[in-house]
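Structural overview for review
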Amino acid sequence: MVSYLSPNADEGVKRRILDYLGVGSVEELYVDVPSEILLKEPPDIGRGMNHIELERLVDSLLPKPPRLIFTGGGVADHYVPPLVDEIASRQEFYTSYTPYQPELSQGMLQALFEYQSLMAELLGMEVVNASLYDYGSALGEAGRFSMRVTRRRKIVIASSVNPERKAVLRTYLDPLNAEIVEAPMDRESGCISLDHLRPLIDDSTAMVYIEMPNFYGIIEEGAEDVFELAHSKGAIAAAGVDPLLAALIKPPGELGADLVVGEGQHLGSPMSFGGPSLGIFAIRMDMRFVRQLPGRLIGMTKTQEGLYRGYCMVLQTREQHIRKEEATSNITTSSSLMAVRAAIYITLLGPEGLRKLAEKIAYNTAYLRKRLSELDSFSVPFKGAAFKELAVSSSVPWERVNSHLLSRGVLGGFIVSRFFPEMDMGMNISLFSTTEKHGKSEIDELINLMREVS
Amino acid sequence: MGFSQARWFFEDGLLEPTPFEIGRIGEGGVRVAEPEEELIEAVGSLEEVIPKELIRKELKLPGLSEPEVARHFNRLAQMNYGVDSGSYWLGSCTMKYTPKLVMRVADHPSIRNLHPYAPEELAQGLLRMLHELQEMLSVITGLPNYTLQPAAGAQGELVGALMIRKRLGDLGERRDEMVIPETAHGSNFASAAMAGFKVIRVPPSSDGTIDMNALKEAISERTAGMMITNPNTLGIFEDRVLEIAEILHANGSYLYYDGANLNAIMGWVRLSDMGVDVAHLNIHKTFSAPHGGGGPGAGAVGTTDELRDYLPVPVIVKEGNKYRLSYDVPRSIGKVRTFYGNVGVLVKAWAYLKMLGSDGVRESAAIAVMNANYVRKKLMECGFDVPYGRGRPCKHEFVISLAKLRKETGVRALDFAKALIDRGLHPPTMYFPQVVQECLMIEPTESDSLRELDKYVETMREIMKTAYERPEEILNSPKNAAVTRVDDSLANKVLWLSWKVYEKQKSQEELYR
Ligand SMILES: Cc1ncc(COP(=O)(O)O)c(C=O)c1O
């Protein structure tokens, strides 16, 4: 029955094996299961479908994707180069396990080392782990990390941090009796307010955290000052970053961050409803930090006779399989294949390609803002420079705008109050995003459609 | 058996060089997009778009042409071993074959291109798949409520532990201890600790199952719960699981189930019937989603009704024929990751279960168990020592000990594993669980044919024989992989953790030798 997936399910083969085992049927291999809980019949999930039936079902369930996507909120519609998909579809990469046997798994190990190295350059950091689950849980780990390193319990974050990630941070810190304090932003610029931030940072502060861009798409212009403030009180200066922005502005490492987290899904992976994703976690090469790093780490080394280069997992004594409850994290399976995708993507675009792409997104964002200012019903509430994401206020209900857009195959902004009323601040905000997939004509089309609603 | 892995190296001792060494610092290999002239004219120069002081001056990345990148990463792929390369009996990891159809489903443009905040009408099909997956998992495990949010098994453990913690808090109970068998996976201990519990370990009894006396001693009014794996990591079914559940429940504690080994019993026993209160399932083990060289995976968590109100938000709800994401979970522990989970992994499990159907689920488990018993008996006949569970059938995996071999020949489990590599087989899990000396944990899964089972057994017999006759041959393996043994003590000393760190330290390299 399942012999197309399990060759030994073939009746003849099965008989031979069972005879060898001296049992009459596979049921006899379950004699150790107490009979009162052993099922006589399999639980009913329906009959198995053949390939064609299943493909037809999938096609019938899924609608065609929209033609243009301008939705923001942490995921945007980026272009995935075909080579990234092709390499990631090689079974040697996608079917393998965590590289426990380095000699047989040099390919994955080297690719992960390259990911660590490329990401370190991009972020201006030195050590990047071999991936965490996603941006949010990377932030959760960052909070725990900073508490371990500093032995302090106060976490100061900008109020403009993405609310999905704030929620994850809270969950991760809940058992640690941490105090999470939000530093308000300046309503004019959309940037964090240094005057409000200063009194919040003190000798009990473990970490100060801001995002680039923040939830409203704004680039924190005072990042350097924020990190300096953190350092002046001995706290860890931490940044969350869109790695594409790091190709355009001074990377967090150069701005003074000790710790960087971010989402790598933007680097060559599809949106896929928000997952799988790639949690980026980067630190300076400071052994105080390295020893507390969560997640796997690949190191370059040599073969034992010293003749060739080789790669393997390093500093495993931090990890759960050795350190158990004292481990720096419980992470086991993480996001290796996504890290490989990011490595391919970065290598393929190269410094100039990444820079051009980031510039294009920056120009697009500015152009979208400029065109929106021509419309009566819409405005951009924050003055700060924005990248990729743009917060837009409206005097007409967003639902109406979005359904008009959708009727033309265009996916509009993310209506913030849908899931995060507290982040809307009564401003009726929708988050738009624009990527390299858009040009002038796509943005013009969006503006024209929005003009039609008023 | 002959095997030779592709090996790309250069005379000067380099393996396939990194892009930093091949790389022209330059343009890169793909024309994605340049900013349009007209658009630049409309908004002004870059300085008017991005604060001038912030603009980056230097980006020291390599950039290769598309053919160069293609060759480089294809060569790396050739220096890696996957399930489609050959037998991959990595115990506890369930390296089963991934049907290509499930890969195609996840690759569907309508799933790939779905934005997480797309209106619900566009997400109906996907939400239906995810909801159906939850329902199928409920039917298989008997646990009525599911979240698909956790990104892997370990994150599922964290979710389960946090739910127990919060529930106890609501009951006004101060219970801060989690009981965990010594044979459990390392992540169990780490997850319990992350959730704020103190870990109490219990040793196995002489037959490899949980020692009931030790368990009774370990629990107290401080016990929040116990985490069990069943079949356990020795491949033995904990046949006193009902008694264990009873003891815990009578004590006011919860039973957590680590689903890493569900592949042995899916369709045969339901977790609810074992008295389980909360469990994670490793979608990337039992339900055929591939492991991706270490992720992405997914770790669905199922619970009884008592714990339902603690699930992470959002949950997928069905109202009439419509599906919706709901944040209305009164006592939710919150979120453990952004958005809804590793959806691209989860739909593979949906497709897999649709392919298998009820009978297929039960039969797959049985074949996995049958294969493991076949290999175990064959290996015992060859003289391999199975320290636990000899008198009963094993489940989907079992553990052998090479302690005797080591004593008599100096060949350790590690060396034995490297000899398997030379013969084209991925070695079993080594040195886990730690209660067994020089152990190999063997899980053939349902995917291997009888021919492959026999080949693996024969290879192990031959390695054992060679170890007695010419141990140095085994100690000097592998020779046929991309590299010979990798020096991990050097790696941990020099800590070349990135190309940048290496460049900085290169000049001092000789000092380390
Ligand atoms: C028994 C057991 N429990 C838990 C885990 C953790 O699962 P994951 O790797 O999906 O986080 C694993 C595998 O790594 C395992 O083998």
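Now for a quick tour of the structure. Note that this is a predicted model, so its numbers are computed, not measured.

Each value, and the rule that gives it
Counting from 1, residues in each chain are numbered in the order their sequence is written. Here every chain gets a letter starting at A, and every ligand a number starting at 1, in the order they are written. At least 70 in pLDDT is required for a residue's local features to be given in this predicted model, at least 80 for side-chain atom pairs to be given and counted, and no such filter applies to totals for whole chains, interfaces and linings, which use all residues. To get the side-chain values, take all heavy atoms of the structure and skip hydrogens and water. For the purposes of this entry, the term helix denotes a DSSP run of H or I that reaches at least four residues, the term strand denotes a run of E that reaches at least two, and both are numbered from the N terminus. In this treatment the radius of gyration is a C-alpha quantity, and the globule benchmark scales as 2.2 Å times the residue count to the 0.38 power. To sort residues, take the accessible area from a 1.4 Å probe on protein chains only and compare it with the maximum for the residue type: under 20% means buried, over 50% means exposed, and anything in between is partly exposed. Residues count as neighbours in contact if any of their non-hydrogen atoms are within 4.5 Å of one another. Using the Shrake-Rupley algorithm and a 1.4 Å probe, accessible areas are obtained, with residue cover drawn only from the displayed protein chains. Positive charges come from Lys and Arg alone, negative charges from Asp and Glu alone, with His and the N- and C-terminal ends not counted. Here the site of a charge means NZ on Lys, CZ on Arg, CG on Asp, or CD on Glu. Only residues whose relative accessible area exceeds 30% and that form no salt bridge enter a patch; like-charged residues are grouped when within 9 Å of one another, and nonpolar side chains (Val, Leu, Ile, Met, Phe, Trp, Tyr) when within 5 Å. Here, a salt bridge means any Lys or Arg side-chain nitrogen found within 4 Å of an Asp or Glu carboxyl oxygen. Put simply, a disulfide is two cysteine sulfurs that come within 2.5 Å. One bridge is not enough; two strands pair if DSSP finds at least two bridges between them. Angles here are taken between N-to-C directions and fall from 0 to 180 degrees, while the axes themselves are lines fitted to C-alpha atoms, restricted in helices to the stretch in contact. We call a residue near a molecule or strand when any one of its heavy atoms sits within 4 Å of it. Counting of polar contacts relies on pairs of N or O atoms within 3.5 Å, with two restrictions inside protein: one atom must be capable of donating a hydrogen and the other of accepting it, and residues adjacent in sequence are counted only when both atoms are side-chain atoms. With a 1 Å grid spanning the protein atoms alone, the term cavity applies to any set of points in which a 1.4 Å probe fits but cannot get out, the term pocket to an open set with protein on both sides within 12 Å along at least five of seven lines, and the term lining residue to any residue with an atom within 4 Å of a point. Whether a molecule sits in a cavity or pocket is decided by its atoms, more than half of which must lie within 2 Å of the grid points. Here's the idea: put two parts together, see how much 1.4 Å probe accessible area each one loses, and the total over both is what we call buried area. For this scheme, ten residues count as nonpolar: Ala, Val, Leu, Ile, Met, Phe, Trp, Tyr, Cys and Pro. Four count as charged, namely Asp, Glu, Lys and Arg, and the remainder, Gly too, count as polar. Take the residue count of a helix, subtract one, and multiply by 1.5 Å to get its expected span. An angle below 35 degrees is read as roughly parallel, one above 145 as roughly antiparallel, one from 65 to 115 as roughly perpendicular, and any other as oblique.

Moving on: the overall build of chain B. Each helix and strand counted, chain B has 19 helices and 12 strands in total. Here chain B has a C-alpha radius of gyration of 26 Å; the compact-globule value for 513 residues is 24 Å, and the two agree. Oriented by its inertia axes, the alpha-carbon framework of chain B measures out at about 75 × 70 × 45 Å. Taking all 513 residues of chain B together, 68% fall into the buried category. Considering only contacts in chain B between residues 6 or more positions apart, those separated by 24 or more positions represent 70%. Roughly 17100 Å² of accessible area belongs to chain B as shown, and the carbon and sulfur atoms make up 45% of that amount. Averaged over its 60 positive side-chain charges, chain B has a centre that lies 2 Å from the centre of its 68 negative ones.

Let's shift gears to a negative patch on the surface. The grouping of Glu224, Asp225, Glu228 and Glu254 of chain A together with Glu58 of chain B at the surface amounts to a negative patch. Along the polypeptide, Glu224 of chain A turns up in helix α9 (residues 223–232). Judged by its relative accessible area of 39%, Glu224 of chain A is partly exposed.

Going through the model one piece at a time under the given rule, you end up with 0 disulfides over all chains. Looking at Cys312 of chain A, it has no disulfide partner, and the nearest cysteine sulfur is the one in Cys93 of chain B, 19 Å off.

Let us now look at the sheet that holds strand β11 (residues 429–430) of chain B. Strands in a sheet are paired, the pairing made by backbone hydrogen bonds, and the direction either parallel or antiparallel. All names here are of chain B. With antiparallel pairing, 3 strands are arranged side by side in an open sheet as β10-β12-β11. The open sheet is flanked by β10 (398–401) and β11, the only strands paired with a single partner. Two elements, β11 and strand β12 (residues 439–442), share 2 bridges in a ladder whose sense is antiparallel. Looking across to β12, one finds that Thr429 is bridged to Met441.

Attention now goes to the sheet that holds strand β15 (residues 429–433) of chain A. Residue and element names in this part refer to chain A. Taking strand neighbours across the sheet as the criterion, the 4 strands line up as β11-β12-β15-β14 in an open arrangement whose pairing is antiparallel. If you trace the sheet from one side to the other, it starts and ends with β11 (378–379) and β14 (414–415), each paired once. Bridge analysis of β14 against β15 gives 2 bridges, and the strand direction is antiparallel. Opposite Phe414, over in β15, you have Leu431 as the bridge partner. Taken strand by strand, helix α13 (residues 336–372) contacts β11, β12 (389–394) and β15, and its axis lies near 10° from that of β12.

Turning our eyes to something else, we now look at the site of the ligand. Near the ligand there are 15 residues, and of these Thr333 of chain A together with Ser92, Asp258, His284 and Lys285 of chain B occur at the shortest range. Residue Gly153 of chain B places a main-chain N or O atom 2.7 Å away from an oxygen atom belonging to the ligand. At 2.5 Å, a side-chain N or O of Asp258 of chain B approaches a nitrogen atom of the ligand. Taking 390 Å² as the accessible area of the ligand by itself, protein coverage stands at 99%. Judged by its atoms lying within 2 Å of the grid points, the ligand is housed in the second largest cavity. At the level of elements, α8 (153–170) and α12 (283–286) of chain B are the ones that each hand at least two residues to the shell around the ligand. The biggest single contributor to the shell around the ligand is α8 of chain B, with 3 residues.

Our next topic: the interface of chain A and chain B. Taken residue by residue, the interface counts 194 residues in chain A and 222 residues in chain B. Buried surface at the junction of chain A and chain B, summed over both partners, amounts to about 18400 Å²; 65% is from carbon and sulfur atoms. One can count 13 salt bridges joining chain A with chain B. Asp32 of chain A is paired through a salt bridge with Lys395 of chain B; the nearest N and O atoms lie 2.8 Å apart. One can count 97 residue pairs in polar contact (both at pLDDT 80 or more) joining chain A with chain B. By residue number, the principal contributor to the side of chain A that touches chain B is α13 of chain A, which donates 25 residues. Classifying every residue of the side of chain A that touches chain B by side-chain character gives 104 nonpolar, 47 polar and 43 charged.

Helix length check: helix α16 (residues 450–469) of chain B, at 20 residues, gives a terminal C-alpha distance of 29 Å against a target of 28 Å (1.5 Å per residue), a fit within 8%. Looking only at α16 of chain B, the buried set comprises Leu450, Leu453, Tyr456, Val457, Thr459, Met460, Ile463, Met464, Thr466 and Ala467 of chain B.

Residue and element names in this part refer to chain A. Across the 5 residues of β15, 5 count as buried, placing the element largely inside the fold. Burial of β15 is two-sided: the residues Ile429, Leu431 and Ser433 facing one way and the residues Ser430 and Phe432 facing the other way are all buried. Pairing geometry for β12 and β15, over 5 bridges, is antiparallel. Across the sheet, Glu389 pairs through a bridge with Ser433, a residue of β15.

In contact at an axis separation of 7 Å, helix α5 (residues 106–123) of chain A and helix α4 (residues 66–78) of chain B are set at 135° when each is read in the N-to-C sense. Taken together, α5 of chain A and α4 of chain B sit at an angle that is classed as oblique. Between α5 of chain A and α4 of chain B, the residues in contact are Gly107, Gln110, Ala111 and Glu114 of chain A and His72, Phe73 and Leu76 of chain B, respectively. Of the residues in the contact of α5 of chain A with α4 of chain B, the class split is 3 nonpolar, 3 polar and 1 charged.

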